[in-house]
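Analysis of the macromolecular model
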Amino acid sequence: MSSVLSYVQPTANSPWGTYLSQVDRVIPYLGDLARWAETLKRPKRALIVDVPIEMDDGSIAHFEGYRVQHNLSRGPGKGGVRFHPDVTLEEVMALSAWMTVKTAAVNLPYGGAKGGIRVDPKKLSLKELEKVTRRYTSEIGIIIGPHSDIPAPDVNTNAQIMAWMMDTYSMNVGGTATGVVTGKPLHLGGSLGRVKATGRGVFVTGREAARRLGLDLRGARIAVQGFGNVGSVAAELFAEAGAKIVAVQDHTGTIVNENGLDLAGLVPASRTDGGAVSFKGGDVVDNEAFWEVACDILIPAALEGQITAERAQKTKAKLVLEGANGPTVPSADDILAERGVLVVPDVICNAGGVTVSYFEWVQDFSSFFWDEDEINVRLDRIMMNALNNIWDTADKHKITLRTATYAVACERILMARQERGLYP
Ligand code: GLU
């Protein structure tokens, strides 16, 4: 995989390599706007920061932090912050680019950004976690802000971390700025419905896709990889709609039950140190067996690069709902398409989180807060309309839903680019 940039060396299946090939596939559908396509292959701005803190034992530890603003043509940067020991600049670049596509796909007035710290938060005390968060926020404070770039939760970050980020930024600017981050606690300008929004969006897009495929959710068998905020909420909503959750994989292993796992027991068990496999209502199987489980719907809701070519060959699913960002590598995407497996891509499937983040940001500016029903109804409508529009685009050009989503989104992004024009 050749890179146009000197500072990353993507491979075919690495996150930035995956993103570049997704962009290449949409270029033929962009018409005259293809003239601007190179802009999608270069992040606008990438900041690398050192995050030093004093640990509880008195030693000094340094962590690598990033904030990448991929594209700001349609509005301020928007995207989460991830704390994970494997975070790299290349990964954050891809995640920021997927945010650009995602916000455009659901037509939110944002560009795309993402941040991360290369740290294992499970190895930090609460005090150390707070110090890492505050120092990182202060370091990226030169490029974030309510009108320039608005972080939010992602893998291993939550409302408490957003509260520390909001407080740190506010202290530095000398006034409370709730609109600088979303996913905050409710009494600090957070929004009802935000915690469950990503999982709810996966459900809404999955429900619509199943309806169009003629797949009845009642009795449908679902396998979920990743049982955090996204996977567990989506599982609960599908179970409420009559589906059976037949397999769950988390960082502790894989548990299966062909009659359906009892979520009332599984969800609390998965929150303990023992994780999903500590639940007694299923059989623990080898992790690789997860990909061959007899199921109708597969929900990857963990990290990137999980659906490889080999796993794409094995899956029994008819429908894949990408709760995670970048879970399917390009070669696997081709295999799924050839095998007739429908993939609802990440950039629409998991856009529920950023959609309710947008509602939160709007509520913060107006200091007027909506009730949860209003949020869920608006979320449902935005996700449904976006999916239906993309579906029609896919039908018209005979392309996959992923390429159709990129076609709809990239047209909006590059049209904005063209209308704004180049400065100077
Ligand atoms: N981290 C989430 C995502 O990948 C949400 C981002 C946001 O709310 O800004 O979409």
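Preceding block: the structure.
**Topic: the site of the ligand**
- Near the ligand, the surroundings consist of 14 residues, among which Lys 78, Lys 102, Pro 153, Asp 154 and Ser 357 are the closest.
- Interatomic distance of 3.1 Å between a side-chain N/O atom of Arg 194 and an oxygen atom of the ligand.
- Relative to its unbound accessible area of 290 Å², the ligand is 96% covered by the protein chains.
- At the level of secondary structure, the elements contributing two or more residues to the shell around the ligand comprise strand S3 (77-84), helix H2 (89-105), strand S5 (149-153) and helix H11 (352-366).
- Partitioning the shell around the ligand into residue classes produces four nonpolar, five polar and five charged.

**A short note on the packing of aromatic side chains**
- Inspection of the entire model under this criterion finds nine aromatic pairs.
- Seen in terms of ring centroids, Tyr 358 and Trp 361 are 6.5 Å apart; in terms of plane orientation they differ by 40 degrees. Their pairing is tilted. In this pair, Tyr 358 and Trp 361 are both assigned in helix H11, three residues apart and thus about one turn of the helix distant.
- A relative accessible area of 22% places Tyr 358 in the partly exposed class.
- The interplanar angle of 45 degrees and the centroid separation of 5.2 Å between the aromatic rings of Phe 359 and Trp 370 together place this pair among those described as tilted.

**So, empty space enclosed by the protein**
- Applying the stated criterion across every chain yields a total of one cavity of 30 Å³ or more.
- Surrounding the largest cavity, Asn 13, Ser 14, Pro 15, Thr 18, Trp 98, Glu 304, Gly 305, Gly 326, Thr 328 and Val 329 form its lining.
- Split into classes, the residues belonging to the lining of the largest cavity amount to three nonpolar, six polar and one charged.

**Notes on the pairing of strand S2 (residues 60-71)**
- The element S2 is largely enclosed, with a buried count of nine among its twelve residues.
- Judged from the ten bridges that link them, strand S1 (residues 45-54) and S2 form a sheet pairing that is antiparallel. Residue pairing for S2: Ile 48 is matched across the bridge by Tyr 66.
- From the end of S1 to the start of S2, which pair antiparallel, there are five residues, and Gly 58 there has a positive phi angle of about 95 degrees.
- Here S2 pairs with strand S4 (residues 112-118) via seven bridges, running antiparallel. Bridging from a neighbouring strand, Asn 71 pairs with Gly 112 of S4.

Analysis parameters
Counting of residues starts from 1 at the beginning of each chain's written sequence and follows it residue by residue. Only residues with pLDDT of at least 70 are given local features in this predicted model, and only at 80 or more are side-chain atom pairs given and counted; all residues enter the totals for whole chains, interfaces and linings. The basis for every side-chain value is the complete set of non-hydrogen atoms in the structure, without hydrogens or water. For this purpose, a residue is taken to be near a molecule or strand whenever a single non-hydrogen atom of the residue falls within 4 Å of it. Distance and chemistry together define a polar contact, namely a pair of N or O atoms within 3.5 Å, with one atom able to donate a hydrogen and the other to accept it when in protein, and with adjacent residues in sequence counting only for side-chain atoms on both sides. In short, Shrake-Rupley with a 1.4 Å probe defines the accessible areas, and a residue's cover is counted only from the protein chains shown. A run of H or I in DSSP counts as a helix once it spans at least four residues, and a run of E counts as a strand once it spans at least two, with each numbered from the N terminus. Three classes are used: nonpolar for Ala, Val, Leu, Ile, Met, Phe, Trp, Tyr, Cys and Pro, charged for Asp, Glu, Lys and Arg, and polar for all others, with Gly counted as polar. Two aromatic rings from Phe, Tyr or Trp, using only the six-membered ring of Trp, form a pair when their centres are within 6.5 Å; if the ring planes differ by under 30 degrees the pair is stacked, by over 60 it is edge-to-face, and anything between is tilted. For the exposure calls, accessible area comes from a 1.4 Å probe over protein chains only, and a residue counts as buried if that area is under 20% of its type's maximum, exposed if over 50%, partly exposed in between. Both cavities and pockets are sets of points on a 1 Å grid over the protein atoms alone; in a cavity a 1.4 Å probe fits but cannot get out, in a pocket the set is open with protein on both sides within 12 Å along at least five of seven lines, and lining residues sit with an atom within 4 Å of a point. Grid points are joined across faces, edges and corners, and a volume is the space filled by probe spheres set on the points. In short, DSSP must find at least two bridges between two strands for them to pair.

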